[in-house]
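Each chain, letter by letter, is given below.
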Amino acid sequence: MTSFKEFCRVCKVIEETAGSLDMTDLVSELFSLVTTEELPVVTHFVMGEVFPAWSDEEVGLGTGLLLNALSKSSGISVKKIEDIVRDTGDMGKTAVKALSKVSKGQATFSSFLDSPVELSIMEVFERFRNIASATGKGSQTSRIKHLQYLFNSASSEEVGYIARLAIEDMRIGVGEGIVRDAIAKAFAVPVASVERGYMLTNDMGLVAVTAKEGGDEALLNLGLQVGRPIKLMLAQVTPDIETAIKDLGIVAAEWKFDGARVQIHKNGDEITLYSRRLENITDSLPDIVSAVKKAVKANSAILDGEAVAIDENGRPKPFQEILKRFRRKYDVENKVRHIPLTLNLFDIMYLEGESLIELPLQKRREFLVSSVENSDLVRVDNQLITSDISEINSMYEQALRAGHEGIMLKNPDSPYSPGKRGKNWLKKKPVMETLDLVVVGAEWGYGRRTSFLGSYALACHDPDTGRFLPVGKVATGISDEQLSELTELFKEHIISESGTFVEIRPHVLFEVAFEEIQKSTNYESGYALRFPRLVHVRDDKSIEEVDTLERLDDMYMTQRK
Ligand code: AMP
């Protein structure tokens, strides 16, 4: 059994290490050191996750609860702890500082125990699991108690990492790439096999244990499983249809429906639906569940599609309407009546026990068509296989006339590549492309808006350094109602405050439109946006989908041309 203290010792060394090769070595040593039971937990912990991204289990602790627990454990007021957050800019350092001030007379859990406890990695995990499973009345108190127990049983180094795990932000610079290489090194398996295993299972913890127990052979046996969502294949922008034809030759053209992505798992009569962020949204969409049950004839299948909210004329309603359905937990039936949905299926990844992702799109399409009986609610729409530009243009115009976003042009020979954004799926929309940027800060307003967070600082991602680089601020396009919703949302993710500016944990993406992208020395990305305005809060997208610096470079170059 490995102690949590040992885990924290290694994290500290990793945190102080700059080179990614050295970091990989340290993570790999850690993976070799821990037991098989601890391995998946440690794999997630180093990446700042408690549970795998696809899992229904979620820690769900906001900054508010964490501050509350720290206050109870330290005897210091929440207000004073907020001052420390402002000073340190980091929850980990805040926890260490607050708890180092615990007065001798302060009763802690461990002060009631005969001998001080030494936390094991598994015990910390179990406590987080208890926190995640607490529901209903009294759940807040119970969550705070579990956190308090952890804080009061921990040494000062451990306290910092517990606080960071609580908000799933480890800040030691370890991401999927380092974990992938570390698994390969620790268990002497090829990086490509680890990558493939991850692509199919979406769970690095499972991949690590499989590599440890069965080596490369076992990794190659990993496959898709109904009930475990896989990452979605993503699309890249094409400036125009001609370029797409130049890139792909013949294309499979489909409407780009204006809705929200859904991944559908069917196992007999059991249907599970996942959002683009792979959250389980089954309970919010009972109408789609029963329609899928009837329309999909296969016994077991994993399918990909777009749910569209439709008005009385069958035209798509605004995107925000559909999110109201996806998020609904109570009074679902009422929303089913008011915001009816249809589901357009466009891909199939798994059928009757077999993975289809390595098959070419055309072949998958045959399986899709033969597995689905179109109904009013669920359908496989037309697809055109062609290289004829005028034919594609008229499909594009039809899609726009019907109120949809544009068209998708796909490579008919391409496999389904989970989590990949590449040239095999191209999207063509009429408007100038927008950027999906992550909110990293905000400003408290003044006058009528003093109690609202506005003027949001935005950043893109630099995959080379793993950092988020500021691109500017957006304050237009936000209604008063939205401002109040966003303030509530971001309050839970404040890392530090200085004057009226607050730093926000990168978590939520804004889709922003703008007039022009300019070179600028004001922001670390080297770019600034002219007249940016908020188009949508993309809370259907995960942080991994934030646009990269490379995308900004490309946009800048295209614009200059
Ligand atoms: P974007 O959200 O702009 O990156 O565009 C890609 C999204 O378009 C996908 O994630 C789907 O949600 C949506 N979409 C709509 N129709 C299709 C289609 N026929 N094939 C693939 N994606 C589609």
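The shown structure was predicted, so the numbers you read here are calculated from the model rather than taken from an experiment. (Residues numbered from 1 in each chain as written. Predicted model: local features only at pLDDT ≥ 70, side-chain atom pairs only at ≥ 80, totals over all residues. Heavy atoms only, no water.)

1. Observations regarding the domain arrangement of the chain
Quick reminder of the rule: In this document the domain limits rely on a domain assignment from an automatic tool or a database. Here, residues are in contact when the closest pair of their heavy atoms is within 4.5 Å. Throughout, buried area stands for the accessible area (probe radius 1.4 Å) lost by two parts on being put together, summed over both. The salt bridge criterion pairs a side-chain nitrogen of Lys or Arg with a carboxyl oxygen of Asp or Glu, the two atoms within 4 Å. Counting of polar contacts relies on pairs of N or O atoms within 3.5 Å, with two restrictions inside protein: one atom must be capable of donating a hydrogen and the other of accepting it, and residues adjacent in sequence are counted only when both atoms are side-chain atoms. Each helix is a run of DSSP H or I of at least 4 residues and each strand a run of E of at least 2, with the numbering of both proceeding from the N terminus. Residues are sorted three ways: Asp, Glu, Lys and Arg are charged, Ala, Val, Leu, Ile, Met, Phe, Trp, Tyr, Cys and Pro are nonpolar, and all the rest, Gly among them, are polar.
Taken as a whole, the chain is organised into domain 1 (49–166), domain 2 (234–428) and domain 3 (434–560). One C-alpha centre belongs to domain 1, the other to domain 3; they are set 30 Å apart. At the junction of the two partners, domain 1 supplies eight residues and domain 3 supplies nine residues. In this assembly, domain 1 packs against domain 3 so that about 570 Å² is buried in total across both faces, 44% of it on carbon and sulfur atoms. Of all residues in domain 1, T63, R86 and G89 bury the most surface against domain 3, accounting for 66% of the area lost on that side. Summed over the shared surface of domain 1 and domain 3, the result is zero salt bridges. One can count one residue pair in polar contact (both at pLDDT 80 or more) joining domain 1 with domain 3. Residue assignment for the side of domain 1 that touches domain 3 shows that the elements contributing at least two residues are α4 (63–74) and α5 (78–88). Here the side of domain 1 that touches domain 3 is composed, by residue class, of two nonpolar, four polar and two charged.

2. Section: the site of the ligand
Where we set the bar: Being near a molecule or strand, for a residue, comes down to having at least one heavy atom within 4 Å of it.
Taken together, 15 residues surround the ligand, and among them E254, R261, E306, K410 and K427 come closest. Side-chain polar atom of K427 to an oxygen atom of the ligand: 2.6 Å apart, as the coordinates give it. Sorting the residues of the shell around the ligand by element identifies β2 (251–256), β10 (406–410) and β11 (421–428) as the ones contributing at least two each. Across the shell around the ligand, the residue classes break down as five nonpolar, no polar and ten charged.

3. As for the environment of R143
With respect to the helices, strands and loops of the structure, R143 is situated in helix α8 (residues 139–153). With 230 residues separating them along the chain, R143 and E373 place their C-alpha atoms 47 Å apart. Polar side-chain contacts of R143 include one of 3.2 Å to the backbone oxygen of I131.

4. As for the sheet that holds β2
Selection criterion: Only when DSSP finds a minimum of two bridges between them are two strands counted as paired. Axis definition: a line fitted to C-alpha atoms, limited for helices to the stretch in contact. Angles are taken between N-to-C directions and run from 0 to 180 degrees.
The strand order across the open sheet built from five strands is β1-β11-β10-β2-β9, with neighbouring strands paired in mixed fashion. Strands with a single pairing partner mark the edges of an open sheet, and in this sheet they are β1 (234–237) and β9 (384–386). Neighbour to neighbour, the strand axes of the sheet diverge by 40° on average, direction disregarded. For β2 and β10, the ladder comprises five bridges, and the chain directions are antiparallel.

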